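Architecture and fold: a report
What follows is each chain in one-letter form.
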Amino acid sequence: MVEREQVRPLAPASERPSSYDDETTLNKRRFHKRRCIKGCIFVSILLLILAIIIIILIFTVFKIKDPIIRMNGVTVDKLDLVNTGTIPMPKPGSNMTIKADVSVKNPNYASFRYSNTTTTISYRDTVVGEARGPPGKSKARRTMRMNITIDIVTDKIVSHPSLLADISTGLLTINSFTSVGGKVNLLKMIKKHVVVKMNCSITVNITSQRIQDQKCKKKVKL
């Protein structure tokens, strides 16, 4: 009987349930969960800051600005005059050449590609000359200069009924119109089509063949 009542051996420690192990596993899960939450919050804040920075750059530094076109100067060549009493007149059948120095300034951080430029010269709403410039590219924050030569058909000016009254003071006023159309492409994501137009009123001194006065107005069409 004594042998039968001997105490049975205990089960191995690995087979016994332990509340300590369960608590350790639970703590590890909680720790991993908190770390994942903190990581998600950090990534979300980082993405939010990055989005804010991009928006600020788009509306400030990367904001697409209108190109600036400017008429730097105009010179008159090959103006043949004949004396008709006291008033010199352009010689019939001859041509007058006007050379215009035009610049296109690109204030953007992206290049500005423009198509063919068109410049027309008119006298009292009558087109007397026209010239076209080749397409080109204005680099970021740079100025592109173009020299445009325009041949004026003086017969269209001489035949105008208002010519004698206009040049009685020795001055001839003509108008120039220049149009430049192109596209600004920023980071291949933001594109903007722009057409820049400029109207100039140019007063030429008939005797000295120099520009007496010049006034220009610009207009940008988006």
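Here we summarise the structure given alongside this text.

Cut-off values and rules
- Residues numbered from 1 in each chain as written.
- Predicted model: local features only at pLDDT ≥ 70, side-chain atom pairs only at ≥ 80, totals over all residues.
- Heavy atoms only, no water.
- Buried < 20%, exposed > 50% of the residue type's maximum accessible area, 1.4 Å probe, protein only.
- Helix = DSSP H or I, 4+ residues; strand = E, 2+ residues; numbered from the N terminus.
- Pairing = 2+ DSSP bridges.
- 1 Å grid on protein atoms, 1.4 Å probe; cavity = no way out; pocket = protein on both sides within 12 Å on 5 of 7 lines; lining within 4 Å.
- Points joined across faces, edges and corners; volume = space filled by probe spheres on them.
- Nonpolar A, V, L, I, M, F, W, Y, C, P; charged D, E, K, R; others polar.
- Axes fitted to C-alpha atoms, helices over the stretch in contact; angles between N-to-C directions.

**Description of the pairing of strand 12 (residues 210-221)**
Across the 12 residues that make up strand 12, only a small minority, zero, are buried. Summarising the sheet, strand 11 (residues 190-205) and strand 12 pair through 11 bridges and their orientation is antiparallel. Across the sheet, methionine 198 pairs through a bridge with lysine 218, a residue of strand 12. In sequence, strand 11 turns back onto strand 12 through a hairpin of four residues, with glutamine 209 there showing a positive phi of about 55°.

**Thoughts on empty space enclosed by the protein**
What the rule picks out here adds up to two cavities of 30 Å³ or more. For the second largest cavity, the calculated volume is near 30 Å³. What lines the second largest cavity is simply Leu79, Pro90, Met96, Thr154, Ile157, Leu172 and Ile206. Counted by class, the lining of the second largest cavity contains six nonpolar, one polar and no charged residues.

**What to know about the sheet that holds strand 4 (residues 95-106)**
Across the sheet, three strands lie side by side as 1-4-9; this open sheet has antiparallel pairing. Whereas interior strands pair on both sides, the edge strands pair on one side only; in this sheet they are strand 1 (68-77) and strand 9 (142-153). The average angle at which neighbouring strand axes cross in this sheet is 20°, direction not considered. Here 12 bridges tie strand 4 to strand 9, and the two strands are oriented antiparallel to one another. Residue pairing in the sheet places asparagine 106 in a bridge with arginine 142 of strand 9.

Remember, this is a structural readout, not a statement about activity or role.
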